[in-house]
Amino acid sequence: MLGKIEFEAEGQNSINFIDPNQTNLVAQVSTKEPIVFNKGNSPRIIAYDCGIKWNIVRYFINLGVEITVVPYDYELSEDFHE
């Protein structure tokens, strides 16, 4: 449910209402290009960035695994299959 509170007062302009459901918020927070950490290590993890917490990525980096962070709309290619 969306709502907006307005107060009547002289000389004040109405505040614009923005519906967050009309904005692709995931596209705004997602990485734009794939990022690879610990390249060549094993196991390999692919993380789709839909607003990922970077502490999760740091955790896997510290474990020494290869982690690739990709945009939310990234299409997997044969390059990722072994």
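Just above sits the structure.
Residues numbered from 1 in each chain as written. Predicted model: local features only at pLDDT ≥ 70, side-chain atom pairs only at ≥ 80, totals over all residues. Heavy atoms only, no water.

**Q** In this structure, what is going on with the overall build of the protein chain? I would like to understand it.
**A** For the protein chain, the count of helices and strands is two helices and three strands. Taken from the N to the C terminus, the helices and strands of the protein chain come in the order α-β-β-α-β. Considering the protein chain as a whole, with its 82 residues, one finds that 17% of them fall into the buried category. Of all intrachain contacts in the protein chain linking residues separated by at least 6 positions in sequence, the fraction that spans at least 24 positions is 47%. Accessible surface computed for the protein chain: about 6900 Å², of which carbon and sulfur atoms make up 52%. (Helix = DSSP H or I, 4+ residues; strand = E, 2+ residues; numbered from the N terminus. Buried < 20%, exposed > 50% of the residue type's maximum accessible area, 1.4 Å probe, protein only. Contact = heavy atoms within 4.5 Å. Areas by Shrake-Rupley, 256 points an atom, 1.4 Å probe, with all protein chains shown as cover.)

**Q** Help me out: how do you make sense of the pattern of salt bridges in this one?
**A** Where charged atoms of side chains with opposite charge meet at close range, the side chains can pair. Under the definition given, this model contains one salt bridge. The residue R44 makes a salt bridge to E66 at a minimum N-O spacing of 3.6 Å. Within this pair, whereas R44 is found in strand β2 (residues 44–49), its partner E66 is found in strand β3 (residues 66–71), the two being separated by 22 residues in sequence. Classification of R44 as partly exposed rests on a relative accessible area of 34%. Taking relative accessible area as the criterion, E66 reaches 7% and is therefore assigned buried. (Salt bridge = Lys/Arg side-chain N within 4 Å of Asp/Glu carboxyl O.)

**Q** Would you mind going over the packing of aromatic side chains with me for this structure?
**A** Centre distance and the angle of the planes are the two values used to describe a pair of aromatic rings. In total, this model carries two aromatic pairs according to the counting rule given. Ring geometry for F37 and W54: centres 6.4 Å apart, planes at 70°, overall edge-to-face. In this pair, F37 sits in strand β1 (residues 35–37) while W54 sits in helix α2 (residues 54–63), placing the two residues 17 residues apart along the sequence. Accessibility expressed as a relative area gives 36% for W54, which makes it partly exposed. Ring centres 5.7 Å apart and planes at 75° place the aromatic pair Y59 and F60 in the edge-to-face group. Residue F60 is classed as partly exposed on the basis of its relative accessible area of 25%. (Phe/Tyr/Trp six-rings, centres within 6.5 Å; stacked < 30°, edge-to-face > 60°.)

Taken by themselves, the reported measurements are silent on function.
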